[in-house]
Amino acid sequence: MAESDPEPISSGAGQRLGAPETLGISTLDPGHRPPAMPPGRHVTIRVRMLDDTEELFDISQKASGKVLFDLVCSHMNLIEGDYFGLEFQNHQKMMVWLDHIKPIIKQLRRPKHTILRFAVKFFPPDHAQLLEELTRYLFALQIKQDVSCGRLTCNDTSAALMVSHIIQSEIGDFEESQCRSHLLNNNYIPDQMPLIDKIMEFHSKNIGQTPAESDYQLLEVARKLEMYGIRLHPAKDREGTRLSLAVAHTGVLVFQGHTKINAFNWSKVRKLSFKRKRFLIKLRPDLNSSYQDTLEFLMASRDCCKVFWKICVEYHAFFRLFEEPKPKPKPVLFTRGSSFRFSGRTQKQVIDYVRESEFKKIPFERKHSRVQHNSRLSPLPSPRHHEVPTESGVPGVDSPPRRHWKESVLVSAEDPSSSRTRASPSRQRNGHGDRTGSVSRIEETRGSTRQTHPEHLSTGVGSNSPHLSASSGHSHGMVNGQKSLELCSHSPDGRQPSPLTSPLLNDACSVRTDDEDEVRRKRFPTDRAYFIAKELLTTERTYLKDLEVVTVSFQNAVGQDEATPDSLKNTIFSTFEPLHKFHTGFLREVEQRLALWEGRSNAHIKGDYQRIGDVMLKSFQSLKPLTANLHKQSEVLLELEKACRSSRRLEGLCRDFELQKVCYIPLNVFILRPLHRLTHYKQILERLCKHYPATHVDFRDCRAALADVSEVVDQLQGSLIKMENFQKLLELNKDLIGVDNLVVPGREFIRLGCLSKLSGKGLQQRMFFLFNDVILYTSRGMMATNQFKVHGQLPLHGMTIRESEDEWGVPHAFTLVGQQQSVVVAASSLTEMQKWMEDIQVAIETAKTSNGPSADLLTSTLTDTKDPSPVSGNKAPLVGPPSGQGAVPLSVICWYRVQSLSFSESCRSLENQLSGNLLRKFKNSNGWQKLWVVFTNFSLFFYKSHQDDYPLASLPLLGYSVTIPSESENIHKDYVFKLHFKSHVYYFRSESEYTFERWMEVIRSATVPSGSARVLNHKESHPH
């Protein structure tokens, strides 16, 4: 066969049905092209996919297995391909995995007559570690195969439950006659007939479940089964008893039949080896163990031993190592043992790579298919024939459909030539397909709805914003190989873009500035007091916009509805309207004073207007009569929560309002804004008084204004602390599924964050929530909402805590010993472990003497009355914002960036608000873009100007670092700071030394870990 044309051709792009166009995405690292095609004869390789379709790939016989595997992954646009492999039957009739390092010609004796199967190779303990929806779908197909062939054995209930999720993803919601007919025509498990009624019963409970959620639930059931991911290798022990060996992420397992009788954890295994037909497991010395130092198992042949030994080596490296092991140097004279090693990324590298490479993630959406006979993963027409095959032309069951792909289609994602498009295949007009069609279809479209991954960038709030890449390395108007759209253009399907893709932070079509701005700034005053006063102006503009969210937007959206009680309307109106009127006038005076200060009239010649203290003193004296309104903030918060509890319609209205673009932070935070603003005034006046000498004309007014505002702040401080705790409990109550009555008197939030929980399946990522009476641990599921499912609770009463790194061999591990159960967890770093242990220890000590919720009530049955127990199995989750809409909760950001957050840090972020103009630059771009930037709630929000009603994008700062650019970065400008998180780098430029210091200060408050939080026992009690 002739060699492929080196020029990329549009017909050679690997694609699936529904994929808009190929990006040539492979398992290669970014910026690396596929290996060069070795010279020599080409051969056509057949690969059977997980949906039983067959694909044909042209490749050189001298190419390595890695080249073929990358070609297959590129064909499917599969990013997390490292979990999969290609297996085939060798000349000894044994199923083996294709070696990525060896040439294909040395592995396949008869390539034309060998069928390679694409299958799951590494089964992680928790499918939540699979970050791509496409990957979860492929895992679901693998589970479906394993259940069907009897490899994944389980009881009847589990089998029926899994089948119910499979048919929910295929035919949609339950309809009795259709479901029964479908089960009679399709067998999913051996001996299915007796279980049809039970399957239908389970299916009827899945109404409303999307195909993606069905895949997730299928994996949730499967991962708990003992045979999940198990591939048995027959063996015998020394006594000749028939056994089976298997390998999992935890270590080597021993089965008798389908029952696990022993397990050897990786931490206990010193060495794995084989000698002829004997497979040897050498254990580490253990005085408490009755096992011998070396265990011996007899297998059928030496090759059987070697096959199992290889998969053990790969499993150990993939799940236990941080990076791919380096090859050993070849001996000069003699070789001893096998030179085989694991080749590829480890699980940690895969997870880091996917999180860092947001620009590669093509949105993917699972849709239903009315399956009648078989399902097809990628029913594209052959690249050589652009017409779409009709039903009459589709191969039958006995002849799986095949498509032909050449190695030249594996184009690097960095190559602009990969943007060449091709005609889109015709698609099903609805998600359910054709009921009468004789051949099944699975339409899988990478659309705009996907699970939130705040690992990269930010929230594109505007619904009219295009889906643009925010990668710093791809900021020249090219987005995923295509020209980026205009900033105000609509997305193709009219939906919002990915919540982590920022239209504003892309260089394309952005407003740029040049050094003329710098020349213009030099005409303005350079006194530090001027920039402090300018901070007052910029933050006052933002504060007034925040007030209008309540007085205008909320009133229009919710206040006019009949479901809103009159008492709530009156409370909000009487509280916020006077404040809005006052601050409108105050902002006008500050703007006039700054205009005079900047010299926009002749008044600046006298120097009478180069001060701000007199304006603030005068205004604060007018603010004193409104102190009663500031005390009412708690009443508004309580009244709103009470009304939402009593009216489901009002609760839905508030939830819908929080999805609007104008509500860029939680609604309750807007209600507390007036209390936070007083703290801002106090900080500004303190900086002015510190800057001015005692003889300055403005010093006396500033000091008097500071005394006035400090008096009000001291009066409201207790109320503010109570309200911030109350607001945080309300926010967490929405974030958690399986929680009821989290907001009760005496309960105080302390810390939330990610810890790894040690279980029988290894370390599993969990989200922990620490309160002053209980610890909740949760997991993040594949749900349409940004919520966490509660797995368990640990009452603090009677709990002890100890370090256990040496005990378990896990870095930064500690054990929580409760009265009923003990939990071993591991932090991501020593600092995180210290913060968690200190906070938990203080909370335990406080729980001994506090009058908070009783630990005895935590396991009480849920009733209609208020129960301090936060965990409930009866509470149905509220319908929350779908992925990509509304503000991304801080708990979700902490989950994906493996961070923790204390109550005091959260309060400080809300009280350290800052806003103003900044110039932004990407790492590889030339010009600077002028933006209006607001810092609050651990995020930067970006606007075109301060007059905009809502932000265009946001950048969550948790996990980021803020530094000053080095000389090697060639940023030859003053007052520039750098934000970077892994491979994501942004430069921001301020106008003065003071503003530079302020931005560095507030951003560090959100990015630099602070001292541990303190339990709030010294603060006032709960607001109700």
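Computed from a prediction, not measured in an experiment: that's the story for all the values here.

Visitor: Would you mind showing me how to read the overall build of the protein chain here?
Guide: Counting secondary structure elements, the protein chain contains 22 helices and 34 strands. For the protein chain, the share of sequence-separated contacts (at least 6 apart) that also reach a separation of at least 24 residues comes to 70%. Carbon together with sulfur atoms contributes 49% to the accessible area of the protein chain, which is approximately 43100 Å² in total.

Visitor: Would you mind showing me how to read the pattern of salt bridges here?
Guide: Side chains that carry opposite charge are capable of pairing whenever their charged atoms lie near each other. Counted according to the given criterion, the structure contains 40 salt bridges. R673 is the partner of D546 in a salt bridge, and the nearest nitrogen-oxygen pair spans 3.0 Å. Of this pair, D546 sits in helix 10 (residues 528-559) while R673 sits in helix 16 (residues 667-691), placing them 127 residues apart in sequence. For D546, a relative accessible area of 2% corresponds to the buried category. Here the residues in one salt-bridge network are E535, R687, R998 and E1001, joined through shared partners.

Visitor: When you look at the side chain of S900 in this model, what are you seeing that I'm missing?
Guide: With respect to the helices and strands, the residue S900 is situated in strand 27 (residues 900-902). A distance of 3.0 Å separates the side chain of S900 from the side chain of R751, its partner in a polar contact. For S900, the residues in contact, after removing those within four places along its chain, are R751, L752, G753, E832, K835, W836 and E905.

Visitor: Before we go on, may I ask you to explain the nonpolar core in this structure?
Guide: Taken as a class, soluble globular proteins show a tendency for nonpolar side chains to be buried jointly. Counting 226 residues, the largest nonpolar core has F118 and F279 as its most contacted members. Those residues within four positions of F279 in sequence are excluded, and the remaining contacts are L245, L272, S273, F274, L295, E296, F297, M299, C305, F308, W309 and C312.

Visitor: How do you make sense of the pairing of strand 6 (residues 233-236) when you look at a structure like this?
Guide: Burial of the side chains of strand 6 is restricted to one face: H233 and A235 are buried, whereas none of P234 and K236 on the reverse face is. As judged from the four bridges shared by strand 6 and strand 7 (residues 242-248), these two strands associate in the antiparallel manner. Across the sheet, P234 pairs through a bridge with S244, a residue of strand 7. Connecting the antiparallel pair strand 6 and strand 7 is a turn made up of five residues, with G240 showing a positive phi of about 85°.

Visitor: So what exactly am I meant to see when it comes to the pairing of strand 10 (residues 269-275) here?
Guide: On any regular strand, side chains alternate: one points to one face of the sheet, the next to the other face. Sheet topology note: the strand 10/strand 11 (residues 278-283) ladder contains six bridges and is antiparallel. Bridging from a neighbouring strand, S273 pairs with L280 of strand 11. Counted along the chain from strand 10 to the antiparallel partner strand 11, the turn is two residues long, and its residue R276 has a positive phi close to 55°.

Visitor: Is there a simple way to think about the confidence of the model for the protein chain in this case?
Guide: In low-pLDDT regions, the fine details of the predicted coordinates are not to be read closely. Looking at the protein chain as a whole, the pLDDT averages 75, with 71% of positions reaching at least 70. The model gives residues 406-516 a pLDDT under 50, and that stretch makes 353 contacts with residues more than four places away or in other chains. In this model residues 854-884 is a low-confidence stretch, pLDDT under 50, and it forms 74 contacts with partners more than four residues away in sequence or in other chains.

Visitor: Is there a simple way to think about helix 12 (residues 613-623) in this case?
Guide: An α-helix turns once every 3.6 residues. As a result, residues three or four positions apart point the same way. With eight of eleven residues buried, helix 12 lies mostly within the body of the structure. Regarding helix 12, the residues found buried are G613, D614, V615, M616, L617, S619, F620 and L623. Along its buried surface, helix 12 packs onto helix 10, helix 11 (566-597), helix 13 (627-631), helix 16 and helix 17 (699-735).

Visitor: What should I look at first to understand the environment of L940 in this one?
Guide: By the element assignment, L940 lies in strand 30 (residues 939-943). Note: C-alpha distance between L940 and L955 (15 residues apart in sequence) is 5.1 Å.

Visitor: Explanation requested: the state of the cysteines in the structure shown.
Guide: By definition, a disulfide links the sulfur atoms of two cysteine residues through a covalent bond. If you walk through the whole model with that rule in mind, you get zero disulfides. With no disulfide of its own, C654 has C644 as its nearest cysteine by sulfur position, at a separation of 3.7 Å. When its relative accessible area of 8% is taken as the criterion, C654 is described as buried.

Visitor: What should I look at first to understand unusual backbone geometry in this one?
Guide: Of all residues except glycine, most have a negative phi; of all peptide bonds, most are trans. Despite not being glycine, N77 has its phi angle at roughly 55°, a positive value. Following the sequence through the fold, N77 ends up in the loop between helix 1 (65-76) and strand 3 (84-89). At F938, a residue that is not glycine, the phi angle is positive and equals roughly 65°. Inspection of the secondary structure puts F938 in the loop between strand 29 (928-936) and strand 30.

Visitor: What should I look at first to understand the packing of aromatic side chains in this one?
Guide: Each aromatic ring pair is specified by the distance between its two centres and by the angle formed by the two planes. Under the counting rule described, the total for this entry stands at 34 aromatic pairs. Here the aromatic rings of F749 and F903 are separated by 6.4 Å at their centres, their planes lie at 80°, and the arrangement is edge-to-face. Placement of the pair is F749 in strand 20 (residues 749-759) and F903 in helix 21 (residues 903-911), with a sequence separation of 154 residues. Considered together, F749 and F903 belong to a single accessibility category, that of buried residues. Taken together, the aromatic side chains of F69, Y83, F84, F118, F122, F123, F139, Y228, Y315, F318 and F319 make up a single cluster linked through ring pairs. Cation over ring: R989 sits above W928, and NZ or CZ is 5.4 Å from the ring centre.

Visitor: Just to check I follow, could you spell out helix 6 (residues 211-222) for this structure?
Guide: Spanning twelve residues, helix 6 covers 16 Å between terminal C-alpha atoms, matching the ideal 16 Å at 1.5 Å per step. Counting buried positions along helix 6 gives eleven out of twelve residues, so the element sits mostly inside the fold.

Visitor: Even after reading the chapter, I still don't get the environment of D173, so can you show me in this structure?
Guide: Take D173: it is sitting in the loop between helix 3 (156-171) and helix 4 (176-185). With 37 residues separating them along the chain, D173 and T210 place their C-alpha atoms 9.0 Å apart. Among all residues touching D173, those that are not within four sequence positions of it are Q168, H203, N206, I207, G208 and Q209. At a separation of 2.9 Å, a polar atom in the side chain of D173 contacts the main-chain amide nitrogen of G208.

Visitor: Even after reading the chapter, I still don't get the packing of helix 12 against helix 16, so can you show me in this structure?
Guide: Helix-helix packing is characterised by the crossing angle of the two axes and by the distance between the axes. One can describe the packing of helix 12 onto helix 16 by two numbers: an axis separation of 13 Å at closest approach and a directional angle of 150°. With respect to helix 16, the element helix 12 is oriented roughly antiparallel. Pair helix 12 / helix 16 crosses with left-handed handedness. Of helix 16, the residues touching helix 12 (which contributes M616, F620 and L623) are L678, Y681 and L685. Looking at the contact of helix 12 with helix 16 residue by residue, the class counts come to six nonpolar, no polar and no charged.

Visitor: How do you make sense of the packing of helix 4 against helix 5 (residues 196-204) when you look at a structure like this?
Guide: One way to put it is that helix 4 packs onto helix 5 with a least axis distance of 11 Å and a crossing angle of 135°. Put simply, helix 4 runs oblique to helix 5. Where helix 4 crosses over helix 5, the handedness of that crossing is right-handed. In contact with E176, C179, R180, L183 and L184 of helix 4, helix 5 contributes I196, D197, I199, M200 and H203. When the residues that make up the contact of helix 4 with helix 5 are grouped by side-chain class, the tally is six nonpolar, one polar and three charged.

Visitor: Just checking my understanding: could you explain the environment of A704 for this structure?
Guide: You can see A704 is positioned in helix 17. For A704, a relative accessible area of 29% translates into the label partly exposed. Taking the C-alpha atoms as reference points, A704 and G613, separated by 91 residues in sequence, lie 8.6 Å from one another.

Each value, and the rule that gives it
Residues numbered from 1 in each chain as written. Predicted model: local features only at pLDDT ≥ 70, side-chain atom pairs only at ≥ 80, totals over all residues. Heavy atoms only, no water. Helix = DSSP H or I, 4+ residues; strand = E, 2+ residues; numbered from the N terminus. Contact = heavy atoms within 4.5 Å. Areas by Shrake-Rupley, 256 points an atom, 1.4 Å probe, with all protein chains shown as cover. Salt bridge = Lys/Arg side-chain N within 4 Å of Asp/Glu carboxyl O. Buried < 20%, exposed > 50% of the residue type's maximum accessible area, 1.4 Å probe, protein only. Polar contact = N/O pair within 3.5 Å; in protein donor to acceptor, adjacent residues only side chain to side chain. Core = buried A, V, L, I, M, F, W, Y, C linked by side-chain atoms within 4.5 Å. Pairing = 2+ DSSP bridges. pLDDT = per-residue confidence, 0-100. Disulfide = S-S within 2.5 Å. Phe/Tyr/Trp six-rings, centres within 6.5 Å; stacked < 30°, edge-to-face > 60°. Lys NZ or Arg CZ within 6 Å of the ring centre and 35° of its normal. Expected span 1.5 Å × (residues − 1). Axes fitted to C-alpha atoms, helices over the stretch in contact; angles between N-to-C directions. Parallel < 35°, antiparallel > 145°, perpendicular 65-115°, else oblique. Left-handed = near helix turned anticlockwise from the far one by under 90°. Nonpolar A, V, L, I, M, F, W, Y, C, P; charged D, E, K, R; others polar.

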